[in-house]
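# Examining the three-dimensional arrangement
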Amino acid sequence: MIEVKDLARHFGSIEAVKGVTFAVQEGEVFGFLGPNGAGKTTTINMLCTLLRPSSGSARVNGFDVAHQRSDVRRSIGLVFQQSTVDDYLSAEQNLRFHGYAYGIPAAVREPRMRELLTMVELWDRRKGSVRTFSGGMKRRLEIARGLLHHPRVLFLDEPTLGLDPQTRQHIWTYLHDLRRRENLTIFMTTHYMDEAENCGRIAIIDHGSIVALDTPDKLKDAVGGDLVTFSTADNAAAAIQVREHYHFEPTVQDGQVRFHVAAGETFLPDFVREFPQRLLSVGLRRPTLEDVFLALTGHEIRDSELDAKEMLLAGMGRWGR
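Read on for a plain summary of the structure. (Residues numbered from 1 in each chain as written. Predicted model: local features only at pLDDT ≥ 70, side-chain atom pairs only at ≥ 80, totals over all residues. Heavy atoms only, no water.)

Before going further, it helps to examine the side chain of Arg-9. With respect to the element layout, Arg-9 can be found in strand E1 (residues 2-11). There is a polar contact of 2.5 Å between the side chain of Arg-9 and the backbone oxygen of Arg-52. (Helix = DSSP H or I, 4+ residues; strand = E, 2+ residues; numbered from the N terminus. Polar contact = N/O pair within 3.5 Å; in protein donor to acceptor, adjacent residues only side chain to side chain.)

Below, the structure is given as structure tokens:
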């Protein structure tokens, strides 16, 4: 459904996206996981024909994003990071206006509006002004609007940014239900680790490059086993002892010594009994996507601000710039 080869985008001297290559299958939930400024939004803007690629190629639903822009746009729904619904219109007026823009006949548009507003639990509020809606209600309305014209691919750019965990879970319940019923392909970007778990496959992107691509479970398995964390009065010395006695390669981070081991629940009891220093704390857990990101990039995923120049150019850089 999506084919990308060596896709790149430069803003002057800034390499926002550095020749990424990947493919997304029909009906798949595919995710871009990375920090703000990693190139996620720039990639999604190129796939949705909002930015011209500097080099490389991409096809969405079989259409080239550079030469068949109208066909691509008819094939996709798009939910932006920031709200784009009209606060001065009602929920149904927002959807109806979208239907007019896509030329959807009334006989198709009106039943589809009811179906989608019911699905996202907004049918009873369809007459209400959107300015009275909560952030979660607006996001659900935007998803309904993006699905109105029966797209083959739904692009979600940080779809639950700023929403509470319960609302985020509700939104994903709607999306998974719709994907099953309509064989919808979903391409999403996020820096929320728990949200990335909704994806069948994840591409981890950092500084404009894809550093890993696989299922969440396989990415975690590649880290090297369960994560053991502990602290002592001298963590630096403890790390050396782990390296010398157990032949692991520990790190010291956030006041803890960390290392990975296979079958951690079997390893830990003997470790606690035998370790030469007094343990102040000890923990064991399955690797998370945060651990995967740290192992692959050498740093934690960061909720930092976008580079100011990149953000300005991304906002201004429409087709033809």
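Estimates place the volume of the second largest pocket at around 320 Å³. Around the second largest pocket, the lining comprises 18 residues; the ones closest to its centre are Leu-78, Phe-80, His-98, Tyr-102 and Arg-145. The set of elements that each furnish at least two residues to the lining of the second largest pocket consists of strand E6 (76-79), helix H3 (91-101) and helix H5 (135-147). When residues in the lining of the second largest pocket are grouped by element, the largest group, 4 residues, is from H3. Along the lines of polarity and charge, the residues of the lining of the second largest pocket split into 9 nonpolar, 6 polar and 3 charged. (1 Å grid on protein atoms, 1.4 Å probe; cavity = no way out; pocket = protein on both sides within 12 Å on 5 of 7 lines; lining within 4 Å. Points joined across faces, edges and corners; volume = space filled by probe spheres on them. Nonpolar A, V, L, I, M, F, W, Y, C, P; charged D, E, K, R; others polar.)

Structurally, Trp-172 can be placed in helix H6 (residues 165-182). Linking Trp-172 and Asn-198, residues 26 residues apart in sequence, is a C-alpha distance of 7.8 Å. Here the side chain of Trp-172 touches Glu-195 through a polar contact of 2.8 Å, side chain to side chain.

Here we come to helix H1 (residues 40-47). For H1, the buried fraction is high: 7 of the 8 residues fall into the buried class. Regarding H1, the residues found buried are Lys-40, Thr-42, Thr-43, Ile-44, Asn-45, Met-46 and Leu-47. Thr-49 lies just past H1 and shows a positive phi near 70 degrees. (Buried < 20%, exposed > 50% of the residue type's maximum accessible area, 1.4 Å probe, protein only.)

As a further point, take the side chain of Lys-40. As for its placement among the helices and strands, Lys-40 is situated in helix H1. Of note is the side chain of Lys-40, whose polar atom sits 2.9 Å from the backbone oxygen of Pro-35. When residues no more than four places from it in sequence are discounted, the contact partners of Lys-40 are Phe-32, Leu-33, Gly-34, Pro-35, Glu-158, Thr-189, Thr-190 and Ile-205. (Contact = heavy atoms within 4.5 Å.)

Ordered in space as E2-E1-E4-E5, the 4 strands form an open sheet in which the pairing is antiparallel. Strands with a single pairing partner mark the edges of an open sheet, and in this sheet they are strand E2 (14-24) and strand E5 (63-64). With 2 bridges connecting them, strand E4 (residues 55-60) and E5 associate as antiparallel partners. If you follow Arg-59 over to E5, its bridge partner there is Asp-64. Lying over the sheet, H1 contacts E1, E2 and E4, oriented at roughly 120 degrees with respect to E1. (Pairing = 2+ DSSP bridges. Axes fitted to C-alpha atoms, helices over the stretch in contact; angles between N-to-C directions.)

Moving on, we come to the sheet that holds strand E14 (residues 281-285). Taking strand neighbours across the sheet as the criterion, the 4 strands line up as E12-E13-E11-E14 in an open arrangement whose pairing is antiparallel. Two strands bound the open sheet, and with one partner strand each, they are strand E12 (251-253) and E14. Along the sheet, successive strands turn relative to each other by an average axial angle of 25 degrees, direction set aside. With 5 bridges connecting them, strand E11 (residues 226-231) and strand E13 (residues 256-261) associate as antiparallel partners. Across the sheet, residue Phe-230 finds its bridge partner in E13, namely Val-257. The sheet strands contacting helix H9 (residues 235-246) are E11, E12 and E13, and the helix crosses E13 at an angle near 20 degrees.

With that settled, the discussion passes to H5. Its 13 residues place the ends of H5 19 Å apart at the C-alpha level, agreeing with the 18 Å of an ideal helix rising 1.5 Å per residue. Counting buried positions along H5 gives 12 out of 13 residues, so the element sits mostly inside the fold. By the burial criterion, the buried members of H5 are Gly-136, Met-137, Lys-138, Arg-139, Arg-140, Leu-141, Glu-142, Ile-143, Ala-144, Arg-145, Gly-146 and Leu-147. (Expected span 1.5 Å × (residues − 1).)

Right, let's get into the pairing of strand E7 (residues 153-157). The element E7 is largely enclosed, with a buried count of 5 among its 5 residues. Burial of the side chains of E7 extends over both faces: Val-153, Phe-155 and Asp-157 are buried on one face and Leu-154 and Leu-156 on the other. Bridge analysis of E6 against E7 gives 4 bridges, and the strand direction is parallel. Residue pairing in the sheet places Val-79 in a bridge with Leu-156 of E7. Note: E7 against strand E8 (residues 185-190), 5 bridges, orientation parallel. Within E8, the residue paired with Asp-157 across the bridge is Thr-189.

Shape descriptors only; they carry no functional weight alone.
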